[in-house]
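This is what each chain is made of:
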Amino acid sequence: MKITDIKTYIMDAYRTNWTFIKVETDEGIYGWGEASLGTQEMALSGCVEDLKRLIIGRNPFEIEKMRFEVYRDIYWKGGPVLMSAISGIEMAMWDIMGKTLNVPVYTFFGGKMRDRVKMYANGWFSGSKTPENFAQKAKETVALGVKALKWDPFGKSHMTISKEDMNLAVEIVGAVREAVGDNVELLIECHGRFNPYTAIEISRELAPFKPMLMEEPCPPDNLTAIAEVKKKSLIPIAAGERVYSIYGFEDLFSKNAVDIAQPDMFHTGGMMECKKIAAMAESKHIPISFHNPSGPISNAAILQLAAATPNFLIHEIMINDGSFRKKITNEEVVFEDGCILINDKPGLGIDVFVEEVEKRPYHPINLRHYTGTLTEIRPKDDTIFYFKGIGENV
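Given the structure is predicted, the values throughout are model-derived calculations rather than measurements.

> So what exactly am I meant to see when it comes to helix α10 (residues 296-307) here?
Because an α-helix packs 3.6 residues into every turn, residues spaced three or four apart end up facing the same way. Helix length check: α10, at 12 residues, gives a terminal C-alpha distance of 17 Å against a target of 16 Å (1.5 Å per residue), a fit within 8%. Most of α10 is tucked away: 12 of the 12 residues are buried.

Here it is, written out as structure tokens:
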């Protein structure tokens, strides 16, 4: 079997754009990967075109060789564009192998250790501004059966935070904790935008509400700063979504910068690279939570690897993706008792309806993560949760 073509599809997903990559073979078997990058989609698409000459003609089963040689032969290494292009293609090659051999991809990573993973919801707070708004949204989400919530309560603060904004953040987190009780996990997102002094102060202010973690407290371009926060924080520190490859994670781990590692499978180099990173973390007794704010192929691939990763902790779901998500793939995410079940279908267990994707063409979006909210232009009737077993949408 040989790879004959690699195609890129970019689609509007309201809050961002998703980028899907299709790898085709001379035997008619194809695989899907995802490399959704947010704001550099055209650069990513161009990079995939550049990589074709290094990949077309290869055996799709020789995944480690492809990953090694392509990375070796690109002089300007690392960074989100190259690593995302490699990741999406690598992911699709695992899908091809699983379909060809009629087994789930988790088979190739040691087999399934678990049939479900604990889930936390992101995006549940969309549109909230006041403590009362957040508390009400939290109640509604927990009523659906969700047992863990993540969000950014810090408004537009950057590097430092005013007393007013700090007090508001404390009120928001306190209101959510009171609304959901002590048995729901709270995960605090910082989006990498505070200096160490401010992040440490935030941890002291929020510690009474017993958050599960505080995510990416400082910009990822200085891992020493994150390590400084971890030393003094009263909340466990998670980070890694903007760290690329095993080499970046070696630096993160050697600095003892995190309590929980969050590699992003479709920016880090792919599924094998994430398995290696998880093993590096395991040797230090650090749990893994793969970053997953994107589309259905990313979700499917992460669940396959989570099934076979001993130190996997918790799975991220964007709970506010609407019914449009059901139209673009045959994704079947099943929610049960606060967990997402693992799919046992061959490959990644997912296919893309290209004609539906093409109905939602790419348009430029400027992501301003420091706003602390997800601004969406979704029609009011397009808010149906996309997975089975939650609330009234079974």
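> Would you take a moment to explain the packing of helix α6 (residues 196-206) against helix α7 (residues 223-232) for this structure?
How two helices pack is summed up by the angle between their axes together with the distance between the axes. The geometry of α6 relative to α7 is characterised by a closest axis approach of 9 Å and an angle of 30 degrees between their N-to-C directions. When the axis of α6 is compared with that of α7, the two are roughly parallel. The two elements α6 and α7 meet at a crossing, and its hand is right-handed. Facing α6, whose interface residues are Pro196, Ala199, Ile200 and Ser203, α7 presents Ala225, Glu228, Val229 and Lys232. Of the residues that constitute the contact of α6 with α7, the class distribution is five nonpolar, one polar and two charged.

> How should the nonpolar core be read in this particular structure?
Trp124, Trp151 and Met271 are the most contacted members of the largest nonpolar core, which has 119 residues in total. Ranked by the residues each element gives to this core, the list is headed by helix α3 (residues 80-101), at 12 residues. With residues up to four places along the chain from it excluded, the contact list for Trp124 reads Phe134, Lys137, Ala138, Thr141, Leu149, Lys150, Trp151, Val176 and Ile319. One finds Ala148, Leu187, Met212 and Ala238 within the second-largest nonpolar core, a separate group that totals eight residues.

> Where do I start with the pairing of strand β4 (residues 116-122) in this structure?
A regular strand carries its side chains on alternate faces of the sheet. In terms of burial, β4 is a largely internal element, five of the seven residues being buried. Pairing of β4 with strand β12 (residues 339-341), which is carried by three bridges, proceeds in the antiparallel orientation. In the strand pairing of β12, Val117 is matched with Ile340. Direction of pairing for β4 relative to strand β10 (residues 315-318): parallel, over a ladder of four bridges.

> How do you make sense of the packing of aromatic side chains when you look at a structure like this?
The description of an aromatic ring pair uses the distance of the two centres, along with the angle that the planes make with each other. Scanning the entire structure with this criterion turns up 16 aromatic pairs. An aromatic cluster of three or more residues is present, and its members are Tyr14, Trp18, Phe20 and Phe324. A cation over an aromatic ring shows up here: Lys22 above the ring of Tyr30, its NZ or CZ 4.4 Å from the ring centre. Above the plane of the ring of Tyr14 lies Arg360, whose end atom (NZ or CZ) is 4.8 Å from the centre.

Rules used in this analysis
Residues numbered from 1 in each chain as written. Predicted model: local features only at pLDDT ≥ 70, side-chain atom pairs only at ≥ 80, totals over all residues. Heavy atoms only, no water. Helix = DSSP H or I, 4+ residues; strand = E, 2+ residues; numbered from the N terminus. Expected span 1.5 Å × (residues − 1). Buried < 20%, exposed > 50% of the residue type's maximum accessible area, 1.4 Å probe, protein only. Axes fitted to C-alpha atoms, helices over the stretch in contact; angles between N-to-C directions. Parallel < 35°, antiparallel > 145°, perpendicular 65-115°, else oblique. Left-handed = near helix turned anticlockwise from the far one by under 90°. Contact = heavy atoms within 4.5 Å. Nonpolar A, V, L, I, M, F, W, Y, C, P; charged D, E, K, R; others polar. Core = buried A, V, L, I, M, F, W, Y, C linked by side-chain atoms within 4.5 Å. Pairing = 2+ DSSP bridges. Phe/Tyr/Trp six-rings, centres within 6.5 Å; stacked < 30°, edge-to-face > 60°. Lys NZ or Arg CZ within 6 Å of the ring centre and 35° of its normal.

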